[in-house]
Amino acid sequence: MHALTGFSLVSLLSFGYLSWDWAKPSLVADGPGEAGEQPTAAPPQPPHIIFILTDDQGYHDVGYHGSDIETPTLDRLAAKGVKLENYYIQPICTPSRSQLLTGRYQIHTGLQHSIIRPRQPNCLPLDQVTLPQKLQEVGYSTHMVGKWHLGFYRKECLPTRRGFDTFLGSLTGNVDYYTYDNCDGPGVCGFDLHEGENVAWGLSGQYSTMLYAQRASHILANHSPQRPLFLYVAFQAVHTPLQSPREYLYRYRTMGNVARRKYAAMVTCMDEAVRNITWALKRYGFYNNSVIIFSSDNGGQTFSGGSNWPLRGRKGTYWEGGVRGLGFVHSPLLKRKRRTSRALMHITDWYPTLVGLAGGTTSAADRLDGYDVWPAISEGRASPRTEILHNIDPLYNHAQHGSLEGGFGIWNTAVQAAIRVGEWKLLTGDPGYGDWIPPQTLATFPGSWWNLERMASVRQAVWLFNISADPYEREDLAGQRPDVVRTLLARLAEYNRTAIPVRYPAENPRAHPDFNGGAWGPWASDEEEEEEEERARSFSRGRRKKKCKICKLRSFFRKLNTRLMSQRI
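Bear in mind the structure is a predicted one, so any value in this text is a computation, not a measurement.

**Student:** Is there a simple way to think about the environment of Cys157 in this case?
**Tutor:** Summarising the element assignment, Cys157 is placed in the loop between strand E4 (141–147) and strand E5 (166–170). Remark: the alpha-carbon pair of Cys157 and Leu124, spanning 33 residues in sequence, is separated by 6.9 Å. Apart from residues no more than four positions distant in its own chain, Cys157 is found in contact with Cys123, Leu126, Trp148, Gly151, Phe152 and Arg162.

This is the structure in structure tokens:
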């Protein structure tokens, strides 16, 4: 009986691998001369660029950061490449993606508040030249697989109108991993899986991580290595809902915390998806002239199994746990491999860096906030970046204890903002929950154990840390170094003078999937846009009068979402 049980389990796991056409481990293993390795030669053309973005993966949730989660592929690729250990992203989804594709801070695109919600008539500004558009100008074929989350209310906002030759993925922020349904409130649900500009009804039922890896491999199999390729794989994993194929859950059956167990299974599944893509690069002749970039989009959500330990904070906050990114570069083209880089980097830097690698050019007219950091990555040179504006959000709840007087008359410290200059980091307003949360190993999490280092009552609106000496943000130096506080407040004020108005429009009822065949998708044209916005305001006023209780409930959840920086808990 035991033998039969063992055989069944092995068969099940084997079937899971074979049905997904997984690569053999040796294809990405360490050491020279192994299977899959090819002699490195001088690149005959611009490199193929593969950018892999994961969703809500915590800083602690990778093997080489000491995690209890198995990520052998990421560990091997990072070990043979360059680990980026002073790399910053944004605390939530839309901001990171917008800055990756434009090379510009949120304050310069009007997206400095929250995320783009499914029913908002909003998207990545159409006057911005995106990274894939720049790459197309120098002859690249550009493909996107995965999560967009940069708006879709007009067809002009879609990935295929913003520089990508092909697209397979979701337009909204989070969908079911199998059914691809997404609900933006009670009764406001629709299907969200698109191929190109069409709804991909027929692909429902396939686990998204596997589907996206298969599509990436398909693109490589059908593309000539002689033409430069930009492949952007934005995994939905490991964002909620916590769903994973059963065979991956079995590996973590001893984990007491259910959320952590499901989350771990999702991370390992994603790791094997990266292995599959890496194997395809080698099989189809791309690898020797490729640059693979791996990045998370924001900190882990600790309520949903993620961990940023030992960093402070979580997704949706401007503490290090919300903005310190997981990142590495793996490429045969690197001049100095197998090392860790502590050069200061930000997600906006990928735009000029990749355009430069592709043989393109950027100029002052592009108004970029990013820097070309390839010499710092490949050769170990100093980073040209010395500061990072994490954000200025004038719409976020103002801190009760902040004021212009508290900011020396330079800056209203009630406003949520964060900036890094050199080794110093300043936060003002309400930066979000500032807790140090250990990995969720206990079954009772988030019970009283979570409150061991909980910052429950904070009566301040300014924090200052020396991040180089205190990366875990445990010693606030604002009181001891008012001179540094003044300098960084003045820098915030300078940035704010360059900011454009926030674009965060009211939701439009026309966006309801019921009006679009049951799927999320574009609903407004150029002529309709202004008319629809006015209709939305009138519609909302009418519904408030008729359904007061529902309206109050909706208002409550909207405020709750805003307070939690657009997270789903």
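Read on, since the account is not over.
**Student:** Got a minute to help me understand the pairing of E5 in this structure?
**Tutor:** Regular strands place side chains that alternate from one sheet face to the opposite one. Taken across its 5 residues, E5 has 4 buried, putting it largely inside the fold. Here E4 pairs with E5 via 5 bridges, running parallel. Residue pairing for E5: Val145 is matched across the bridge by Leu168. As paired strands, E5 and strand E8 (residues 194–195) are joined by 2 bridges and run antiparallel to one another. Looking at E8, one finds that Leu168 is bridged to Glu195.

**Student:** For this particular structure, what's the right way to read empty space enclosed by the protein?
**Tutor:** Gaps between atoms show up when a probe of the same size as a water molecule is rolled over them. One pass over the structure, following the stated rule, counts 2 cavities of 30 Å³ or more. Along the walls of the second largest cavity sit 13 residues, with Ile116, Arg117, Pro118, Gly151 and Phe152 positioned nearest its centre. Residue composition of the lining of the second largest cavity, grouped by class: 6 nonpolar, 6 polar and 1 charged.

**Student:** I would appreciate a short explanation of the state of the cysteines in the present structure.
**Tutor:** Applying the stated criterion across every chain yields a total of 2 disulfides. Each disulfide pairs two cysteine sulfurs, and for Cys123 the partner residue is Cys157, the sulfurs being separated by 2.2 Å. Disulfide Cys123-Cys157: the torsion about the S-S bond is -60°, which places it as left-handed. Placement of the pair is Cys123 in the loop between helix H3 (93–102) and helix H4 (131–137) and Cys157 in the loop between E4 and E5, with a sequence separation of 34 residues. In this pair, the class of Cys123 matches that of Cys157, namely buried. In this model Cys183 forms its disulfide with Cys189; the gap between the sulfur atoms is 1.9 Å. Of note, the bridge from Cys183 to Cys189 carries an S-S torsion of about 110° and is right-handed in sense. Counting only the cysteines that form disulfides, in the order they appear in the protein, gives the pairing 1-2, 3-4.

**Student:** Where do I start with the nonpolar core in this structure?
**Tutor:** Ranked by internal contacts, the top residues of the largest apolar core, which has 53 residues, are Ile52, Leu193, Leu231, Phe235 and Met270. Of all the secondary structure elements, the ones that give two or more residues to this core are strand E1 (48–54), helix H2 (72–80), helix H5 (208–221), strand E10 (229–234), helix H7 (258–283) and strand E11 (290–296). Not counting the four nearest positions on each side in its chain, Leu231 is found in contact with Ile49, Ile50, Phe51, His143, Val145, Ala216, Ile219 and Leu220. In terms of nonpolar packing, the next biggest core, distinct from the first, is built from 50 residues, Ile89, Leu101, Tyr232 and Ala524 among them.

**Student:** What should I look at first to understand the pattern of salt bridges in this one?
**Tutor:** Any two side chains of opposite charge can pair, on the condition that their charged atoms come close. Overall, the coordinates contain 23 salt bridges when judged by the stated rule. Here Asp68 makes a salt bridge to Arg260, at a shortest N to O gap of 2.9 Å. In this pair, Asp68 sits in the loop between E1 and H2 while Arg260 sits in helix H7, placing the two residues 192 residues apart along the sequence. By relative accessible area, Asp68 is classed as partly exposed at 36%. Between Arg491 and Glu387 there is a salt bridge, with the nearest N and O atoms lying 2.8 Å from each other. Of this pair, Arg491 sits in helix H11 (residues 482–496) while Glu387 sits in strand E15 (residues 387–393); the two residues are 104 residues apart in sequence, bridging distant segments of the chain. Given the relative accessible area of 25%, Arg491 is considered partly exposed. With a relative accessible area of 13%, Glu387 lands in the buried category. Through salt bridges that share partners, Asp55, Arg97, Lys147 and Asp297 make up one connected network.

**Student:** Could you clarify how one ought to interpret the environment of Phe294 in this entry?
**Tutor:** Here Phe294 is to be found in strand E11. Since its relative accessible area comes to 1%, Phe294 is described here as buried. Expressed as a C-alpha distance, the spacing of Phe294 and Ala78, which sit 216 residues apart in the sequence, is 8.9 Å. Setting aside residues up to four positions removed in sequence, Phe294 forms contacts with Ile52, Thr54, Gln57, Leu74, Met270, Leu326, Gly327 and Phe328.

Cut-offs applied
- Residues numbered from 1 in each chain as written.
- Predicted model: local features only at pLDDT ≥ 70, side-chain atom pairs only at ≥ 80, totals over all residues.
- Heavy atoms only, no water.
- Helix = DSSP H or I, 4+ residues; strand = E, 2+ residues; numbered from the N terminus.
- Contact = heavy atoms within 4.5 Å.
- Buried < 20%, exposed > 50% of the residue type's maximum accessible area, 1.4 Å probe, protein only.
- Pairing = 2+ DSSP bridges.
- 1 Å grid on protein atoms, 1.4 Å probe; cavity = no way out; pocket = protein on both sides within 12 Å on 5 of 7 lines; lining within 4 Å.
- Points joined across faces, edges and corners; volume = space filled by probe spheres on them.
- Nonpolar A, V, L, I, M, F, W, Y, C, P; charged D, E, K, R; others polar.
- Disulfide = S-S within 2.5 Å.
- Core = buried A, V, L, I, M, F, W, Y, C linked by side-chain atoms within 4.5 Å.
- Salt bridge = Lys/Arg side-chain N within 4 Å of Asp/Glu carboxyl O.

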